[in-house]
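Each chain, written out:
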Amino acid sequence: MAGYGDCDTCSNFVYDDESECYECMVSMDEDDYGRLMVDSRFQCPYYSEDNEYAIVRKQN
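Nothing here was measured: the structure is a model prediction, and the numbers come from that model. (Residues numbered from 1 in each chain as written. Predicted model: local features only at pLDDT ≥ 70, side-chain atom pairs only at ≥ 80, totals over all residues. Heavy atoms only, no water.)

The next thing to look at is the packing of aromatic side chains. Summed over all chains, the structure comprises two aromatic pairs. With a centroid separation of 5.2 Å and an interplanar angle of 65°, the aromatic rings of Tyr15 and Tyr22 are classed as edge-to-face. Classification of Tyr15 as partly exposed rests on a relative accessible area of 42%. Here the aromatic cluster, defined as three or more aromatic residues joined through ring pairs, consists of Phe13, Tyr15 and Tyr22. (Phe/Tyr/Trp six-rings, centres within 6.5 Å; stacked < 30°, edge-to-face > 60°. Buried < 20%, exposed > 50% of the residue type's maximum accessible area, 1.4 Å probe, protein only.)

Across four bridges, the pairing between strand 1 (residues 13-16) and strand 2 (residues 21-24) is antiparallel. Its bridge partner being in strand 2, Phe13 is matched across the sheet by Cys24. (Pairing = 2+ DSSP bridges. Helix = DSSP H or I, 4+ residues; strand = E, 2+ residues; numbered from the N terminus.)

Another point: the environment of Tyr33. Positionally, Tyr33 belongs in helix 1 (residues 30-38). Taking the C-alpha atoms as reference, Tyr33 lies 8.8 Å from Cys44; in sequence the two are 11 residues apart.

With that settled, consider the state of the cysteines. What the rule picks out here adds up to zero disulfides. Cys24 provides the cysteine sulfur closest to Cys10, a residue in no disulfide bond, and the two sulfurs are 6.1 Å apart. Considering cysteine sulfurs only, Cys24 is the nearest to Cys44, which forms no disulfide, with 6.3 Å between them. (Disulfide = S-S within 2.5 Å.)

What follows is the structure, given as structure tokens:
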């Protein structure tokens, strides 16, 4: 996912206490998921950078 980082830095990738693992919380359709798994150049349209410092900059 060049240009969009990877799942580890996405704000939609959160820890689930019940399953005790990280999961993507986006309800992705089959087409997007298939492209994400097959094409290494596919950029996830739901990627949102998990940057808590951006919020602080907006407040100042």
